[in-house]
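Coordinates in review
Now for the letters of each chain:
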Amino acid sequence: MSYLDYDLTISDEQRELQQAAHTFAAEVLRPVGIQLDRMTADEVVAPASPLHEVFGQACALGYNRMLAPPELGGLGLDPVTRHLLLEELSWGNVGVAAVIFLSSNHADVALALGNAEAIDEFTMPFYAAGDSSICGCWAITEPDHGSDTLTAMRPELRTPARGQLVARRDGDDWILNGQKSAWVSNAPIATHAMVNVQFEGEADFARSGVFLLPLDLPGVSRGRPLDKHGIRSLPQGELFFEDVRLPHRWLIVGPDEYAAHLEAHLTAFNAGVSCVASGLARAAYECALAYTKERVQGGKPIFEHQSVRARLFHMFSLVQASRSLSRGAYVHNMTRLGNGEPAPLEHSIAAKVFCTNAALEVATLAVQLHGGNGMTKEYPVEMFLRDATAFTIADGENAMLSQIGASLL
Ligand SMILES: Cc1cc2nc3c(=O)[nH]c(=O)nc-3n(C[C@H](O)[C@H](O)[C@H](O)COP(=O)(O)OP(=O)(O)OC[C@H]3O[C@@H](n4cnc5c(N)ncnc54)[C@H](O)[C@@H]3O)c2cc1C
């Protein structure tokens, strides 16, 4: 919290909210995140898991309801404040922070689209609940189509492909059959989903559609929670659909609007991930700084060795650069999207790729500055390194995203 913030317009009220989020992150999210990291994927989602309690606490504080206006039950926070809180909660634990932020996805998308029926059915109940009883997720990737699903808006990067989740029209309804990948964040605990589907007879992801739906419908089932290397506190898993019948009104984006919708959604998500990564980088840097002031080698704290300080300064520079780029891209793009205006995806991608790569570099250096201790569970830096690796792949693998960004220049 002692970092210089270059934005001189931040108000006292915003700083108070930031400080409150920092306290919650330090006292609750960090210790519970470490606990969850050491549990199996099944244990993380089991009824006795501390994940449910900490998620409930976060919701009671309103951290799952930052976007919508107070009259709907939200905090109605502006993009700058949202960015400040996102960074603080991610500083605590990126996995639990992701659970919290993703939980409102279906409600916020309905609101952003201004779809009155979807707002009544999905946004209002979510914001009125005011607790963790409603939890969303976004299911787009499929076992055989990861990057392919994200390039739909760039004709030069697209290849024809048959999707693994297909919607067939049946009178006034749609019937869904197929599955989504094991990477769907929150899927094991979600009550609702935003699901990207291909239509029967199509072989082009650019002409897909988006449904909002509750996950307790007949024919919906889930795979086992994914056991993975990083972000272990974030439950992920497959969603399966067998003859799942949906009313037409739940189709919120049709094939003609799909590419523009996907571009806007990635613009918001990539900017958000850049912020999460900035919080993670800051956490790794702070742990390394503290450790180097305690660890004595060469007759003095290692912090006093020039080569150690040079590495710390490089980490500090990366953290500050990340925070600035992320804040700029997030505030600009979320403001434009909030006004219903197009926002430049390439800026969100630049922020996501830069900040997640920076977090990986900072976490790697943090482990090295801990020497052998950096490889042990006694210090959180080895977890930060695993978490940072995962974020270079989440929401688009960085090389692939860079290709999309380059095509937009
Ligand atoms: C932590 C985490 C959270 C996630 N959350 C979600 C979620 O909530 N919902 C969801 O649906 N998915 C989610 N995902 C999935 C994620 O979006 C995909 O993992 C990602 O898009 C990459 O897809 P893939 O894993 O299938 O890799 P692939 O697409 O198979 O890519 C493998 C490699 O090939 C390269 N490659 C692929 N295509 C091309 C190309 N055309 N040209 C050049 N190189 C190429 C890539 O750059 C990459 O290096 C998550 C993933 C992670 C790790």
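Residues numbered from 1 in each chain as written. Predicted model: local features only at pLDDT ≥ 70, side-chain atom pairs only at ≥ 80, totals over all residues.

**Concerning the domain arrangement of the chain**
Interfaces are frequently sized by the accessible area removed from exposure as the parts join. Under the domain assignment, the chain is made up of domain 1 (12–129), domain 2 (138–256) and domain 3 (257–407). Inter-centroid distance (C-alpha atoms) of domain 1 to domain 2 is 23 Å. Each partner contributes residues to the interface: domain 1 has 26 residues there, and domain 2 has 20 residues. Residue contributions to the side of domain 1 that touches domain 2 peak at six residues, all from helix 5 (residues 94–102). (Domains from an automatic or database assignment. Contact = placed C-beta atoms within 7 Å. Helix = DSSP H or I, 4+ residues; strand = E, 2+ residues; numbered from the N terminus.)

**Topic: the site of the ligand**
Surveying the vicinity of the ligand reveals 22 residues, the closest of which are Gly 146, Ser 147, Trp 183, Ser 185 and Ala 394. Split by residue class, the shell around the ligand holds twelve nonpolar, seven polar and three charged. Here the shell around the ligand spans two domains, and each of domain 2 (138–256) and domain 3 (257–407) adds at least three residues to it. (Near = placed C-beta within 6 Å. Nonpolar A, V, L, I, M, F, W, Y, C, P; charged D, E, K, R; others polar.)

**Considering the packing of helix 9 (residues 255–294) against helix 10 (residues 306–338)**
Between helix 9 and helix 10, whose axes approach to 8 Å, the crossing angle comes to 155 degrees. In terms of orientation, helix 9 lies roughly antiparallel with respect to helix 10. For the pair helix 9 and helix 10, the sense of crossing is left-handed. Residues that form the contact of helix 9 with helix 10 fall into these classes: 19 nonpolar, eight polar and two charged. (Axes fitted to C-alpha atoms, helices over the stretch in contact; angles between N-to-C directions. Parallel < 35°, antiparallel > 145°, perpendicular 65-115°, else oblique. Left-handed = near helix turned anticlockwise from the far one by under 90°.)

**A short note on helix 1 (residues 12–37)**
Taking 1.5 Å as the rise per residue, helix 1 with 26 residues should run 38 Å; its terminal C-alpha atoms sit 35 Å apart, in good agreement. For helix 1, the principal kink sits at Ala 25 and spans about 40 degrees. For helix 1, every residue scored as buried is listed here: Leu 17, Ala 21, Phe 24, Ala 25, Val 28, Leu 29, Val 32, Gly 33, Leu 36 and Asp 37. Packing partners of the buried residues in helix 1 comprise helix 2 (41–45), helix 3 (50–60), helix 4 (79–92), helix 5 and helix 12 (381–391). (Expected span 1.5 Å × (residues − 1). Bend = angle between axes of the 7 residues up to and from the residue. Buried ≥ 20, exposed ≤ 12 C-beta atoms within 10 Å, placed from the backbone.)

**Points about helix 4**
Across its 14 residues, helix 4 extends 20 Å between first and last C-alpha, which sits within 8% of the 20 Å expected from 1.5 Å per residue. Counted residue by residue, helix 4 has 13 buried out of 14 residues, so it is predominantly covered.

**Overview of unusual backbone geometry**
Residue Asn 186 is not a glycine yet carries a positive backbone phi of 80 degrees. With respect to the helices and strands, Asn 186 occurs in the loop between strand 3 (173–180) and strand 4 (192–199). We classify Asn 186 as buried; it has 26 C-beta atoms within 10 Å. Residue Asp 395 is not a glycine yet carries a positive backbone phi of 55 degrees. Secondary-structure assignment places Asp 395 in the loop between helix 12 and helix 13 (398–407).

**Brief notes about the nonpolar core**
Counting 127 residues, the largest nonpolar core has Ala 284, Ala 359, Val 362, Ala 363 and Ala 366 as the members making the most contacts within it. A total of 18 residues in this core trace back to one element, the largest contributor, which is helix 9. (Core = buried A, V, L, I, M, F, W, Y, C linked by C-beta atoms within 7 Å.)

**Quick notes on the pairing of strand 7 (residues 239–247)**
In terms of strand pairing, strand 3 meets strand 7 through seven bridges, oriented antiparallel. For Lys 180, the partnering residue across the bridge sits in strand 7 and is Leu 239. Here strand 6 (residues 220–222) pairs with strand 7 via three bridges, running antiparallel. The residue bridging Val 220 from the neighbouring strand is Phe 241, located in strand 7. (Pairing = 2+ DSSP bridges.)

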